[in-house]
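Residue-level structure breakdown
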Amino acid sequence: MSKPTIHIAVSGLNNIDSPGPGVSVIRGLREATSFDVRIIGLAYENLEPAIYLSDVVDVTYQIPYPQGGINELLERVKEIHQQEKIDVIIPNFDAELYSFMKLEPALKELGIHMFLPGLEQFEERHKMNLDSFGEKYGIKVPHSKALYASHEIFDITDDFDFPLLVKGKWYDAFIAYNKEQAMNYFNKVSAKWGLPVVIQEFVHGTEYNVTGLGDGRGNTIAAVPMRKLYITDKGKAWAGISLDEPNLIKLTNHFLEKTGWRGGFELELMKNQEGEYYLLEINPRIPAWVYLAVGAGQNIPEALVNLALGKEVKPYTEYKVGKIFIRYSWDMVIDREQFEQFSMNGVLNSKQK
Amino acid sequence: MKIHPNIAVNENGLLFNPGTGESFTTNPLGARIIGLLKEGKSEEQVREELLQENEVEAHTLEKDFIDFMQLLKKHSLISNDE
């Protein structure tokens, strides 16, 4: 029996040293056994590498930045949909998720499916709300506080000891050992990501990550734990290994059961000296290292697409332990005309070079 | 003290802890100790086997053995409660 070809739009094509998840997601989709794919890349900038990777994307369209508002985004998606008949969109950037969540009903009317957490889930897991999230769901979290003005730094020792973490609303985290450093990082982070800036208790220990997929009804469809083996100066995993750690799976199941999480996610956890896990952050989307999960036997992007299309998906219960991913970068050489075509027309069909 | 059952060790003395993703190398004697622990032998039994297999005085072996076990404990490869 021939497999259906599903038209899937994927963002996060910036496969740089702090990579977007797009390329890894697409690699999973291309290895799907339940369907074939036509991949429609969605890019914000004309130097996102995957635009020019013809074995990764079939065609790429430029889309407006989230700051432009959701109506502008909706209009652009409609234009692309007229050309491409999109079945599913997988947004991969934290900063764009809110817009796509707001657009989910409108896109569904057009026949475009997504599988995203609800707005309430999205908001309550935000690093600004981590304290109340941990309390509500019985999950250990480090104490956090959102600061809206730099002068609040002077009072942070009422609640925190040094060192502490200074975190941006979307990205970036710095360890501060005194008030002066905290102030510097506050200014740096707020200039880049805006307010609030989040102050978080520093938990000493080893970092672990879990990527997975929840079906929105409290069930775990996929879960693969990983420890970073090599970390870039931006704190991103450049290599990592899949683990056999039942406590992490148990914690993930608990998280999904209690929250009824819908969609892909990444849990960032710290294991302290006593062996207790603290949940540092919940990224509400598939992480860039998801191809390790695919390689270990759990094709999260494929399962997510099937869930988005309303199909019944059997939960993954096993994965290979000790699988290692190692990132690499390499230079591709493209013709200037390709760059110009994408820059001028906002679209590049990678099969017509 | 018992070695965690899922610790993998190969004939070259390469240890892999699948719970933490950490890998270690040890010399043939270390690999032998881990092999014996994985067979379920007690520390006392391991020491006796090593005394029979190697030309070493008991107090020298005792010191090195304790050091090695401390190292295994430090890296969470063995624990008291299992």
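Check the entry above for the structure.
Below: a short report on this structure. (Residues numbered from 1 in each chain as written. Chains lettered and ligands numbered in written order. Predicted model: local features only at pLDDT ≥ 70, side-chain atom pairs only at ≥ 80, totals over all residues. Heavy atoms only, no water.)

Considerations on the overall build of chain A
How we decide: By the criteria applied, helices consist of DSSP H or I runs no shorter than four residues and strands consist of E runs no shorter than two, each listed in order from the N terminus. It is over C-alpha atoms that the radius of gyration is taken, and the globule rule equals 2.2 Å times the number of residues to the power 0.38. Exposure categories follow from relative accessible area, calculated using a 1.4 Å probe and restricted to protein chains: below 20% of the type maximum is buried, above 50% is exposed, and the middle band is partly exposed. Any pair of residues with heavy atoms lying within 4.5 Å of one another is described as a contacting pair. Using the Shrake-Rupley algorithm and a 1.4 Å probe, accessible areas are obtained, with residue cover drawn only from the displayed protein chains. As used throughout, the charge tally considers Lys and Arg to be positive and Asp and Glu to be negative, leaving His and the chain termini uncounted. In plain terms, the charge of a residue is placed at NZ if it is Lys, CZ if Arg, CG if Asp and CD if Glu.
For chain A, the helix and strand inventory stands at 10 helices and 15 strands. For 353 residues, the compact-globule estimate of 2.2 N^0.38 gives 20 Å, and chain A sits close to it at 20 Å. Projected onto its principal axes, the C-alpha coordinates of chain A cover approximately 60 × 45 × 40 Å. Counting only residues that meet the buried cut, chain A has 54% of its 353 residues in that class. Taking contacts inside chain A between residues at least 6 apart in sequence as the whole, the part at least 24 apart equals 64%. Here chain A has roughly 16200 Å² of accessible surface; of this, 49% comes from carbon and sulfur atoms. Averaged over its 37 positive side-chain charges, chain A has a centre that lies 4 Å from the centre of its 47 negative ones.

Details of the pattern of salt bridges
Residues and elements named next belong to chain A. Selection rule: The term salt bridge refers to a side-chain nitrogen of Lys or Arg lying within 4 Å of a carboxyl oxygen of Asp or Glu.
In the structure shown here, the tally under the stated rule is 26 salt bridges over all chains. Put simply, Asp 159 and Lys 145 hold a salt bridge, and the shortest N to O gap is 3.1 Å. Of this pair, Asp 159 sits in the loop between β5 (144–147) and β6 (164–167) while Lys 145 sits in strand β5; the two residues are 14 residues apart in sequence, bridging distant segments of the chain.

Things to note about the interface of chain B and chain A
Where we set the bar: Accessible area that two parts lose when put together, evaluated with a 1.4 Å probe and summed over both, is termed the buried area. By the criterion applied in these results, polar contacts are pairs of N or O atoms within 3.5 Å in which, for protein atoms, one can donate a hydrogen and the other can accept it, and in which residues neighboring in sequence qualify only through two side-chain atoms. Residues are sorted three ways: Asp, Glu, Lys and Arg are charged, Ala, Val, Leu, Ile, Met, Phe, Trp, Tyr, Cys and Pro are nonpolar, and all the rest, Gly among them, are polar.
With seven residues of chain B in contact, the opposing surface of chain A contributes nine residues. Together chain B and chain A conceal approximately 570 Å² of surface at their shared face, both sides included; 51% is due to carbon and sulfur atoms. Counting the contacts that link chain B with chain A gives zero salt bridges. Run the count over chain B and chain A and you get two residue pairs in polar contact (both at pLDDT 80 or more). Within the side of chain B that touches chain A, the residues separate by chemical class into two nonpolar, four polar and one charged.

Regarding the sheet that holds strand β2 (residues 36–43) of chain A
Residues and elements named next belong to chain A. How we decide: In this analysis, strands are considered paired if DSSP registers two or more bridges between them. Axis definition: a line fitted to C-alpha atoms, limited for helices to the stretch in contact. Angles are taken between N-to-C directions and run from 0 to 180 degrees.
Ordered in space as β4-β1-β2-β3-β15, the five strands form an open sheet in which the pairing is mixed. Both edges of this open sheet fall to β4 (88–90) and β15 (347–349), since each of them pairs with a single strand only. The mean inter-strand angle of the sheet, taken between neighbouring strand axes irrespective of direction, is 20 degrees. Alignment of strand β3 (residues 59–62) against β15, held across three bridges, turns out to be antiparallel. When the bridges of β15 are listed, Thr 60 appears paired with Leu 348.

A word on the side chain of Glu 124 of chain A
Residues and elements named next belong to chain A. The topology assignment puts Glu 124 in helix α4 (residues 119–124). Reaching out from Glu 124, the side chain makes a polar contact with the side chain of Lys 136 at a distance of 3.0 Å. Setting aside residues up to four positions removed in sequence, Glu 124 forms contacts with Asn 129, Phe 133, Lys 136 and Tyr 137.

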